[in-house]
Amino acid sequence: MTGSGAPGVSGDRPFPPGDYPVVVVGSGPGGIQLSYSLRRLGIDHAVISDDPGPGGMFRRWPFFQRLLSWTKPFAPAERGTRAYERYDWNSLLAEEAEATSLQAGLMDGTSYFPSRPEMEANLTAFADRTGTAVRYGCRWEATRREDGPDGERFVLETSDGEYRCQLAVFAVGVAEPWDPPVPGIEHAHHYADVRPVETYAGRRVFIMGKRNSGFELASGLLPWAGSITLASPSPAKLSVVTKSLVGVRARYVQPFEDHALGGGLGIIDASIEGIEPAEGALVVTVRRTDTGEPMTLAVDDVISATGFVCPLRDLPALGVATFGQSRLPAQTTWWESATVPGIFFAGTITQGQAGLKKHGIPPNSGAVHGHRYNSRILAARLAETRFGVIRERPIVSPSAVLPLLLDEAANGPELWHQKAFLARALTVSPDAGVRDEGVVPLAAFLDEMTADGVAMTVEADGSGSICPVVYVRSGGALTERALPGHPLLDFETPEHRAELAAALGPLGIRDA
């Protein structure tokens, strides 16, 4: 379905080359969510993708099919409601009932972690049901700037021709394989090139990397490989220890047990110094982190599970600053390039905007359940600041403020999925009263908004404790107050109401 009701659509190949206010590159969940949200706001734009259909990286990975993000068909909230989004990490966000909470209806019931094909079907169904159009088979190849009638604009060179736009949004994922500069790395193959599992039967497999992708491979190869060794310089972190999504997820802990029980799997902290062929095998030389002693291992296969980088093509040459091994673009609070105004990012690349990283925990923008909200907020931001579409800011009765904020703390999916990163904000003034600013980046409330107001977040400190935190600005003074935790995460108790009322005192808001 091409979404024939959308601007720029004609026939089977919508959005022909030409001039558009906005061009979105990518048809993974970030690009599709952004396009849907822009169209709901009436912003004309084009979407192009090199892929043959929706899905992005989910058309190929994860290799062993099961995702790390869950969707619970049966949850404490009714499917299709906003509250249910907290328990559904994979569906995109829609206003139409027929396009809401799609993932649960596409799963076979054997697991609450969708399979890769089920996730791809979810994204395809969303695009179909919402009429979200994409020009597939159109490869973005290069980018330049030129002067136009309304000032400088971007030109995107593609396999179909040139696209000109005021704003360009890149939702191309962190999907380009990266190999470390290890001597002999050409004798290894990357996660992206792993063969069918039966080809590893009885073989000695060495996996470079001890993050989720490495342990995914180790878990999947346990029934096949004769022996498996995982190595990287630093010890592996476990999500059950960090009590966050930082670290190897619980689904992949089986290799740890096999290692502990001597089951033919080794996990070592060591740097990889070289790989070389020898007598029909590969010899891997490593240096142990703890002792500094060298070791050699004879293996049949070396797999590089060392991650991916952003496929930004020539954007760095255009001035887009990047950082880290993944070459994430440096971004402002609103996901704009920190060095090239007018270039924005959506999808998993938005993890380059790390927010405050309170308690050392980053946002969940690298996953669908986090970045889908970033896309929706970005669309509203672009509509308002670049195209004059003023966002409604409803008046909130003073008596409704406490119940609204406590309900957000208990049930708001944006706050739960993007802890200490997104906040529900209200502004307060003698003339306008209490206004609902909606969900905004916490950093924007703290650093950019100057009006008196309040922002509610949900935060985790890495110890297993989760609690609401309320930020209040009154007369230019900013205060932060953590509300009590609760063993069952019920943040709407009389104690929470009393604590929140005390925090809002400087704003003149009293409990009814």
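Every value quoted in this text rests on a predicted model; they were computed, and no experiment measured them. (Residues numbered from 1 in each chain as written. Predicted model: local features only at pLDDT ≥ 70, side-chain atom pairs only at ≥ 80, totals over all residues. Heavy atoms only, no water.)

1. Some thoughts on unusual backbone geometry
Turning to step 1, where the next piece is worked out: With phi around 50°, Ser-101 is a residue other than glycine that occupies positive phi space.
Turning to step 2, where the next piece is worked out: Within the secondary structure, Ser-101 sits in the loop between β2 (45-48) and α2 (116-130).
Turning to step 3, where the next piece is worked out: Residue Lys-357 is not a glycine yet carries a positive backbone phi of 50°.
Turning to step 4, where the next piece is worked out: Within the secondary structure layout, Lys-357 lies in the loop between β17 (343-345) and α7 (368-387). (Helix = DSSP H or I, 4+ residues; strand = E, 2+ residues; numbered from the N terminus.)

2. Focus: the pairing of strand β13 (residues 301-304)
Turning to step 1, where the next piece is worked out: Going residue by residue along β13, you find Asp-301 and Ile-303 tucked away on one face and Val-302 and Ser-304 tucked away on the opposite face as well.
Turning to step 2, where the next piece is worked out: Inspection of the sheet shows strand β8 (residues 204-208) paired to β13 by four bridges, in the parallel sense. Each bridged residue has a counterpart across the sheet, and for Phe-206 the counterpart in β13 is Val-302. (Buried < 20%, exposed > 50% of the residue type's maximum accessible area, 1.4 Å probe, protein only. Pairing = 2+ DSSP bridges.)

3. Focus: the environment of Leu-478
Turning to step 1, where the next piece is worked out: Position of Leu-478 among the secondary structure elements: in strand β22 (residues 477-482).
Turning to step 2, where the next piece is worked out: Residue classification places Leu-478 among the partly exposed residues on the basis of a relative accessible area of 41%.
Turning to step 3, where the next piece is worked out: Sequence separation between Leu-478 and Gly-453 is 25 residues, and the spatial gap between their C-alpha atoms is 9.5 Å.
Turning to step 4, where the next piece is worked out: Leu-478 has contacts with Phe-445, Leu-446, Val-472 and Arg-473, leaving out every residue within four places of it along the chain. (Contact = heavy atoms within 4.5 Å.)

4. Some details on the sheet that holds strand β11 (residues 281-288)
Backbone-to-backbone hydrogen bonds join strands into a sheet, with any given pair of strands oriented parallel or antiparallel.
Turning to step 1, where the next piece is worked out: The seven strands are arranged β7-β13-β8-β9-β10-β11-β12 in an open sheet whose pairing can be described as mixed. The sheet is open, and its two borders are formed by β7 (189-190) and β12 (294-299), each paired with just one other strand.
Turning to step 2, where the next piece is worked out: Taken together, the five bridges between β8 and strand β9 (residues 227-232) define a ladder with parallel strand orientation. Looking at the pairing, Val-205 lines up with Ile-228 of β9.

5. Quick word on the packing of aromatic side chains
Turning to step 1, where the next piece is worked out: Tallied over the full model, the rule gives 11 aromatic pairs.
Turning to step 2, where the next piece is worked out: With a centroid separation of 6.0 Å and 20° between ring planes, the pair formed by Trp-70 and Tyr-112 is classed as stacked. Of this pair, Trp-70 sits in the loop between β2 and α2 while Tyr-112 is found in the loop between β2 and α2, placing the two residues 42 residues apart along the sequence.
Turning to step 3, where the next piece is worked out: Taking relative accessible area as the criterion, Trp-70 reaches 16% and is therefore assigned buried. (Phe/Tyr/Trp six-rings, centres within 6.5 Å; stacked < 30°, edge-to-face > 60°.)

6. Structural notes on helix α3 (residues 212-221)
Turning to step 1, where the next piece is worked out: Of all 10 residues in α3, nine are buried; the element is thus mostly enclosed.
Turning to step 2, where the next piece is worked out: Here the buried face of α3 lies against β8, β9, α5 (254-260), β10 (265-278) and β13.

7. Some thoughts on the nonpolar core
Turning to step 1, where the next piece is worked out: Judged by nonpolar contacts, the single largest core of 84 residues is most densely connected at Val-23, Leu-156, Val-169, Phe-170, Leu-315 and Ile-343.
Turning to step 2, where the next piece is worked out: When neighbours within four sequence positions are excluded, Phe-170 is seen to be in contact with Val-25, Trp-140, Thr-143, Leu-156, Leu-315, Ile-343, Phe-344, Phe-345, Ala-346 and Ile-349. (Core = buried A, V, L, I, M, F, W, Y, C linked by side-chain atoms within 4.5 Å.)

8. Brief notes about the sheet that holds strand β20 (residues 453-460)
Turning to step 1, where the next piece is worked out: Read from one edge to the other, the open sheet built from five strands follows the order β19-β18-β20-β21-β22, with strand pairing classed as antiparallel. Of all the strands in the sheet, the pair left with one neighbour each is β19 (433-441) and β22. Between one strand and the next, the sheet's axes are offset by a mean angle of 20°, whatever the strand orientation.
Turning to step 2, where the next piece is worked out: As paired elements, strand β18 (residues 422-429) and β19 share eight bridges and run antiparallel to each other. Opposite Ser-429, over in β19, you have Gly-433 as the bridge partner.
Turning to step 3, where the next piece is worked out: Sheet contacts for helix α8 (residues 398-411): β18, β19, β20 and β21 (466-474); angle to β18, the most-contacted strand, approximately 170°. (Axes fitted to C-alpha atoms, helices over the stretch in contact; angles between N-to-C directions.)

9. Considerations on the pattern of salt bridges
Turning to step 1, where the next piece is worked out: According to the stated counting rule, one finds 32 salt bridges in the structure shown.
Turning to step 2, where the next piece is worked out: Salt-bridge contacts for Arg-144 lead to Glu-162; the nearest nitrogen and oxygen are separated by 3.0 Å. Of this pair, Arg-144 sits in strand β3 (residues 140-148) while Glu-162 is found in strand β5 (residues 161-170), placing the two residues 18 residues apart along the sequence.
Turning to step 3, where the next piece is worked out: In this structure, Lys-358 engages Glu-459 in a salt bridge whose closest nitrogen and oxygen atoms are separated by 2.9 Å. Pair noted here: Lys-358 is in the loop between β17 and α7 and Glu-459 is in strand β20, with a separation of 101 residues, a long-range link.
Turning to step 4, where the next piece is worked out: Owing to a relative accessible area of 2%, Glu-459 belongs among the buried residues under this scheme.
Turning to step 5, where the next piece is worked out: Salt bridges sharing partners connect three or more residues here, namely Asp-19, Arg-144, Glu-146, Arg-153, Glu-157, Glu-162 and Arg-164. (Salt bridge = Lys/Arg side-chain N within 4 Å of Asp/Glu carboxyl O.)

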